[in-house]
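Here's the letter readout for the chains.
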Amino acid sequence: MRGLLLSAVALLVGCYDSSFGERTGPVAAVPATATLSDLRGLFAGPTFVVSTDITVTGRVTTSDRSENFYRTFCIEADGAGLEIMAGLDHLHNDYPEGCTVTVRLQGRALGESRGVLQLGRMPSAGSSYPTDYIASRPALDATIIRNDEPLLSVNPAVRMLGDLTPAMCGTLVQVEGLHYEPEELSAGSWAGYKRFADDDGTAVYTYVRSYARFADAEVPAGRCSLTGILQYDGSRYILKLRDENDCVLR
């Protein structure tokens, strides 16, 4: 398996095979040939197109219902995560939190953004983004297969701020013992980046899109826990919240 993955990672291709997005018809479920941990451990960048028939499985950990995850969803297995750049709306209907999916990587671009591994299309020339949206229902159906399994509860990994590592990026993490410590004196809404700190003054930031449904809600004061998809921008850890319920006062 490791040789298969190394072969795929070594083949960096500069163009996207547009015919992949034109495939039609049902796609039969196939067993996983690699784990998300394998992909996480072997990816070294830059973005490349996977030329080998690799499949992985994972459980959906996010929802686009509150629109902070916009046309994307994340999956996770055994402490490793992957963001699917689907490019379609209302993904929570087809891929709800707690469902298991199988992902076919062949013909898709694998990239990384803020430490999070992403699967999508190759970006256009000159784009600043590591991947582009798949943005086609037939192409998405050919890439993502929802397994016939019951929905299970999605439980985040509970971590202390000092325990966070870049390898955890893309996974659902819960951090306890925090309080809102804004970088400005005025109270603010959730939109943008917000600073939270633990009792030692170590900080983590939240990120909420300005178009998210809860972006205008006021950030609550008081001791809390935060849950979100972990990101790392090279200097700070960020939790991308799924909705306002990812902040719980304690």
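Residues numbered from 1 in each chain as written. Predicted model: local features only at pLDDT ≥ 70, side-chain atom pairs only at ≥ 80, totals over all residues. Heavy atoms only, no water.

### Comments concerning the overall build of the protein chain
Check the secondary structure of the protein chain and you find four helices and 15 strands. Counting across all 250 residues of the protein chain, residues that qualify as buried make up 49%. When contacts within the protein chain are restricted to residue pairs at least 6 apart in sequence, long-range pairs at least 24 apart make up 68% of them. Here the protein chain displays about 11600 Å² of accessible surface, and carbon together with sulfur accounts for 49% of that area. (Helix = DSSP H or I, 4+ residues; strand = E, 2+ residues; numbered from the N terminus. Buried < 20%, exposed > 50% of the residue type's maximum accessible area, 1.4 Å probe, protein only. Contact = heavy atoms within 4.5 Å. Areas by Shrake-Rupley, 256 points an atom, 1.4 Å probe, with all protein chains shown as cover.)

### Looking at the pattern of salt bridges
Under the definition given, this model contains 13 salt bridges. Put simply, R71 and D89 hold a salt bridge, and the shortest N to O gap is 2.9 Å. Of this pair, R71 sits in the loop between β2 (55-60) and β3 (73-77) while D89 sits in the loop between β4 (80-84) and α3 (91-94); the two residues are 18 residues apart in sequence, bridging distant segments of the chain. In this structure, R242 and E97 form a salt bridge, with 3.0 Å as the shortest nitrogen-oxygen distance. With a gap of 145 residues between them, R242 in the loop between β14 (237-240) and β15 (247-249) and E97 in the loop between α3 and β5 (100-104) connect regions that are remote in the sequence. (Salt bridge = Lys/Arg side-chain N within 4 Å of Asp/Glu carboxyl O.)

### Side note on unusual backbone geometry
Between G45 and the following residue, P46, the backbone shows a cis peptide bond with an omega angle of -5°. You can see P46 is positioned in the loop between α2 (36-42) and β1 (48-49). Positive phi values are uncommon outside glycine, yet E67 reaches one of about 65°. Here E67 lies in the loop between β2 and β3. The exposure class of E67 is partly exposed, given its relative accessible area of 30%. Here the phi dihedral of H90 falls at roughly 55°; this positive angle occurs in a residue that is not glycine. Relative to the helices and strands, H90 resides in the loop between β4 and α3.

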